[in-house]
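# Coordinate analysis (summary)
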Amino acid sequence: MGLLDQLGQAAAGMMGGGDTSPLMQAVVGLLGQNSSVGGLGGLIQAFQKNGLGEIVNSWVSTGKNLPISAEQIQQGLGGDLLKQLASQAGLSSEAAGGQLANLLPGLVDKLTPEGKMPDSSLIEQGLNLLRGKLG
């Protein structure tokens with residue numbers, strides 16, 4: 001199964017089989033190449049830089065995904081970025097952090113098949129597929 005198929009299945013599962021989540025839409029925007037954090041690679045680097053490398057590296061690897069708490073999401077993203085995502089989704093920072101703690105491990109895992117970062121154009125194709133399912 002290719003990355004795009006995996007992303008489509010992951011998106012459907014994460015959205016309860018088709019619900020459009022404003023938070024998921026905000027995250028998809030965040031993972032794009034032109035985002036303020038620098039896309040998926042920038043997001044991973046932010047977590048690594050903020051002391052959560054072991055957790056985020058587990059999401060990228062082929063092994064088990066380590067869990068993350070809402071507080072660690074805030075630590076990894078930074079309070080300002082979490083507030084921005086929460087605002088886009090119409091949620092409190094606490095609620096967004098909790099939802100992201102459930103969403104990000106699986107999403108990053110699906111975006112990094114075989115335990116490595118795919119080519120950025122392939123990630124963009126996958127994100128465009130997600131945008132279509134969310135739209």
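Here's what I pulled together on the structure shown here. Bear in mind that the values here come from a model prediction, so they are computed numbers and not experimental data.

### A closer look at the overall build of the protein
Assigned secondary structure in the protein consists of 7 helices and 0 strands. Secondary structure of the protein in N-to-C order comes out as α-α-α-α-α-α-α. Per-residue burial over the protein gives 41% buried out of 135 residues. Long-range contacts, defined here as pairs at least 24 residues apart, represent 67% of the contacts in the protein between residues at least 6 apart. Carbon and sulfur atoms provide 47% of the accessible area of the protein, an area that totals close to 6500 Å².

### Notes on the nonpolar core
Residues Phe47, Ile73, Leu77 and Leu100 are the most contacted members of the largest nonpolar core, which totals 32 residues. Those elements that provide at least two residues to this core are α2 (22–31), α3 (39–60), α4 (70–77), α5 (79–89) and α6 (93–111). Sorting elements by how many residues they give to this core places α3 first, with 9 residues.

### Some points on α3
An α-helical turn contains 3.6 residues, so a residue and the one three or four places further along point in the same direction. For α3, which comprises 22 residues, the first-to-last C-alpha distance of 14 Å sits more than 12% below the rise-based estimate of 32 Å (1.5 Å per residue). At Leu52, α3 shows its largest bend, some 140°.

### Comments concerning the environment of Gly32
Note that Gly32 resides in the loop between α2 and α3. The class for Gly32 is buried, based on a relative accessible area of 5%. Each C-alpha atom, one on Gly32 and one on Gly42, is 10.0 Å from the other, the two residues being 10 residues apart in sequence.

### Let's talk about the packing of α3 against α4
With their axes 7 Å apart at the nearest point, α3 and α4 run at an angle of 130° to one another. The angle between α3 and α4 falls in the class oblique. For the pair formed by α3 and α4, the contact residues are Leu43, Ala46, Phe47, Asn50, Gly51, Leu52 and Ile55 on the first element and Gln72, Ile73, Gln75, Gly76 and Leu77 on the second. Here the residues of the contact of α3 with α4 sort into 7 nonpolar, 5 polar and no charged.

### Structural notes on the pattern of salt bridges
In the structure shown here, the tally under the stated rule is 1 salt bridge. For Lys116, the salt bridge identified is with Glu114, shortest N-O distance 3.7 Å.

Reading the values: rules and limits
- Residues numbered from 1 in each chain as written.
- Predicted model: local features only at pLDDT ≥ 70, side-chain atom pairs only at ≥ 80, totals over all residues.
- Heavy atoms only, no water.
- Helix = DSSP H or I, 4+ residues; strand = E, 2+ residues; numbered from the N terminus.
- Buried < 20%, exposed > 50% of the residue type's maximum accessible area, 1.4 Å probe, protein only.
- Contact = heavy atoms within 4.5 Å.
- Areas by Shrake-Rupley, 256 points an atom, 1.4 Å probe, with all protein chains shown as cover.
- Core = buried A, V, L, I, M, F, W, Y, C linked by side-chain atoms within 4.5 Å.
- Expected span 1.5 Å × (residues − 1).
- Bend = angle between axes of the 7 residues up to and from the residue.
- Axes fitted to C-alpha atoms, helices over the stretch in contact; angles between N-to-C directions.
- Parallel < 35°, antiparallel > 145°, perpendicular 65-115°, else oblique.
- Nonpolar A, V, L, I, M, F, W, Y, C, P; charged D, E, K, R; others polar.
- Salt bridge = Lys/Arg side-chain N within 4 Å of Asp/Glu carboxyl O.

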